[in-house]
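# Commentary on secondary and tertiary structure
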Amino acid sequence: MTTTGTPPLPKAELHLHIEGTLEPETVFALARRNDVALPYASVEDLRARYEFTDLQSFLDIYYANMAVLRTREDFAELASAYLRRCPGQGVRHVEMFFDPQAHTARGVPMADVVGGLTDGIDAHAADVSAGLILCFLRDQPAADAEATLRAAEPYLDRIIGVGLDSAEVGHPPSKFTAVFDRARALGLKPVAHAGEEGPASYVREALDELGVLRVDHGIRSLEDDDLVARLRRDRTPLTVCPLSNVRLGCVPGIGLHPLPEMLDAGLNVSVHSDDPAYFGGYADTNYAAARDGLGLTTDQLRTLAENSFAASFLDEATKTMLALRAREWKPGPGPA
Ligand code: ADE
Ligand code: ZN
């Protein structure tokens with residue numbers, strides 16, 4: 001969040017799909033460069049279609065737009081364009097998701113996907129630290145996830161973790177127990193989307209079957225009191241994305257988002273942007289929504305930012321130092 005003349009609140013971005021930062025202008029620029037035909041008349045026409053009714057209605061257009069990403073350079077530019085925005089929003093550290101299956105299925109080599117994203121990350125290393133989390137597409141067969149992990153093995157020095165995303169309902173975490181076992185054995189940190197559209201039982205499964213260290217979204221955990229008690233006791237991080245939840249109809253409006261209830265329940269929540277090019281804003285806009293739409297206090301915003309560093313996969317000394325910066329942040333004159 002930025003206020004005039006005041007440095008933004010320092011924060012970590014832990015729930016961001018790098019393909020979800022593909023802005024409509026970039027879709028058109030890359031389509032031209034790569035000679036990809038688009039079924040939209042203009043940038044405005046494309047943007048006008050960003051009226052989603054549920055997760056699947058978003059995923060349909062999200063995967064379709066990825067067709068413009070073809071070369072290592074495209075992936076480098078995608079990561080670079082995102083990371084360039086980070087300092088201005090107080091984002092000091094990013095753990096970004098990427099969906100290799102959505103690219104390898106189109107014939108883009110894993111080497112170009114990972115190589116391009118790491119080129120972008122390396123170009124901005126002086127300003128923001130960043131790591132990659134390889135997501136498996138849960139609506140694809142488990143065997144495809146296993147093949148994807150094998151294809152990624154030569155690049156594991158540049159990948160910090162594995163995640164689970166795409167259409168949730170009907171694809172419970174237990175479908176991926178074996179590939180997560182293998183990923184953990186390779187030293188990768190496990191996280192998973194759960195409890196976004198799917199039930200609280202998927203959050204339990206992600207913990208029990210996949211051994212996740214963070215739950216992405218997890219908003220439906222509130223439907224299960226015993227699960228809430230467990231998440232609170234274990235300080236399990238939940239990466240919550242308010243604007244995404246509103247735009248995908250997971251909650252009926254920003255004022256009804258359960259973030260305040262999650263904080264009041266003592267849950268270890270932080271705020272993130274999911275797919276900012278599609279949902280109306282990056283990290284700072286999600287913090288502003290938490291402040292203006294949900295009435296969170298400056299102290300609560302600081303807590304969210306501290307939690308974001310604590311929940312990251314940074315080393316302990318760096319986490320502590322950055323969390324302290326968040327705790328010491330002062331909003332200055334104007335809105336908090
Ligand atoms: N992939 C990109 N954004 C996603 C979301 N919000 N949920 C599940 N999969 C996704
Ligand atoms: Zn997500």
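So, here's what we can say about the structure. (Residues numbered from 1 in each chain as written. Chains lettered and ligands numbered in written order. Predicted model: local features only at pLDDT ≥ 70, side-chain atom pairs only at ≥ 80, totals over all residues. Heavy atoms only, no water.)

### Some details on the coordination of the zinc ion (ligand 2)
Around the zinc ion (ligand 2), the protein contributes the donor atoms His 15 (NE2), His 17 (NE2), His 193 (NE2) and Asp 274 (OD), at 2.1 to 2.2 Å from the metal centre. Around the zinc ion (ligand 2), the four donor atoms are arranged such that angles at the metal cover 86 to 172°; this shape is classified as irregular. Mapping the donors of the zinc ion (ligand 2) onto the primary sequence yields the spacing H-x1-H-x175-H-x80-D. Of the two residues, His 17 is situated in strand S1 (residues 11-17) and Asp 274 in the loop between strand S8 (268-271) and helix H13 (276-279); the sequence distance between them amounts to 257 residues. Given the relative accessible area of 2%, Asp 274 is considered buried. (Donors = N, O, S within 2.8 Å, 3.2 Å for Na, K, Ca; no water. Tetrahedral: all angles 85-135°; square planar, octahedral: opposite > 155°, others 65-115°. Helix = DSSP H or I, 4+ residues; strand = E, 2+ residues; numbered from the N terminus. Buried < 20%, exposed > 50% of the residue type's maximum accessible area, 1.4 Å probe, protein only.)

### As for the site of ligand 1
Around ligand 1, the surrounding shell consists of His 17, Leu 55, Phe 58, Leu 59, Tyr 62, Asp 165, Ser 166, His 193, Glu 196, His 217, Asp 274 and Asp 275. Within the contact set of ligand 1, a nitrogen atom lies 3.4 Å away from a side-chain nitrogen or oxygen of His 17. The separation between a nitrogen atom of ligand 1 and a polar side-chain atom of Asp 275 is 2.6 Å. Ranked by residues supplied to the shell around ligand 1, first place goes to helix H3 (residues 55-65) with four residues. For the shell around ligand 1, the residue count by class is four nonpolar, four polar and four charged. (Near = heavy atom within 4 Å. Polar contact = N/O pair within 3.5 Å; in protein donor to acceptor, adjacent residues only side chain to side chain. Nonpolar A, V, L, I, M, F, W, Y, C, P; charged D, E, K, R; others polar.)

### Description of the packing of helix H9 (residues 200-210) against helix H10 (residues 225-234)
The contact between H9 and H10 brings their axes to 10 Å, and the two run at 40°. As the angle between them shows, H9 and H10 are arranged oblique. Of the two elements, H9 crosses H10, and the hand of that crossing is left-handed. For the pair H9 and H10, contact is made by Ala 200, Val 203, Arg 204, Leu 207 and Asp 208 and by Asp 226, Leu 227, Arg 230 and Leu 231, respectively. Split into classes, the residues belonging to the contact of H9 with H10 amount to five nonpolar, no polar and four charged. (Axes fitted to C-alpha atoms, helices over the stretch in contact; angles between N-to-C directions. Parallel < 35°, antiparallel > 145°, perpendicular 65-115°, else oblique. Left-handed = near helix turned anticlockwise from the far one by under 90°. Contact = heavy atoms within 4.5 Å.)

### Considering the pairing of strand S3 (residues 129-137)
Counted residue by residue, S3 has seven buried out of nine residues, so it is predominantly covered. Each parallel crossover has a hand, and for S3 linked through helix H7 (residues 142-152) to strand S4 (residues 159-165) it is right-handed. (Right-handed = clockwise from strand over helix to strand, strands pointing away.)

### Some details on the pattern of salt bridges
Inspection of every chain in the model, using the stated rule, returns 20 salt bridges. Linking Arg 33 and Asp 74 is a salt bridge whose minimum nitrogen-to-oxygen distance equals 2.6 Å. With a gap of 41 residues between them, Arg 33 in helix H1 (residues 24-34) and Asp 74 in helix H4 (residues 72-85) connect regions that are remote in the sequence. We classify Asp 74 as buried; its relative accessible area is 1%. Asp 224 is paired through a salt bridge with Arg 204; the nearest N and O atoms lie 3.1 Å apart. Note that Asp 224 is positioned in the loop between strand S6 (214-217) and H10 and Arg 204 in helix H9, a separation of 20 residues in sequence. Accessibility expressed as a relative area gives 26% for Arg 204, which makes it partly exposed. (Salt bridge = Lys/Arg side-chain N within 4 Å of Asp/Glu carboxyl O.)

### Re unusual backbone geometry
Located in the positive-phi region is His 217, a residue other than glycine, with phi close to 80°. By secondary structure assignment, the location of His 217 is in strand S6. Residues other than glycine seldom take positive phi values, yet Asp 274 does so here, at roughly 65°.

### Re the pairing of strand S2 (residues 91-98)
Across the eight residues that make up S2, a large majority, seven, are buried. Where S1 and S2 come together, five bridges link them in parallel fashion. Directly across from His 17, in S2, lies its bridge partner Phe 97. As defined by bridge partners, S2 adjoins S3 across six bridges and the pair is classed as parallel. Across the sheet, residue Phe 97 finds its bridge partner in S3, namely Ile 133. (Pairing = 2+ DSSP bridges.)

### Some points on the packing of aromatic side chains
The final tally for this structure, using the stated rule, is eleven aromatic pairs. Measuring from ring centre to ring centre gives 6.1 Å for Phe 52 and Phe 279, while their planes differ by 90°; the resulting arrangement is edge-to-face. One end of the pair, Phe 52, is in the loop between helix H2 (43-48) and H3; the other, Phe 279, is in helix H13, with 227 residues separating them in the sequence. Pair check on accessibility: Phe 52 and Phe 279 agree, each one buried. It is Lys 11 that lies over the ring of Tyr 287; its NZ or CZ is 4.9 Å from the centre. Seen from the ring of Phe 313, Arg 214 lies directly overhead, with NZ or CZ sitting 4.2 Å from the centre. (Phe/Tyr/Trp six-rings, centres within 6.5 Å; stacked < 30°, edge-to-face > 60°. Lys NZ or Arg CZ within 6 Å of the ring centre and 35° of its normal.)

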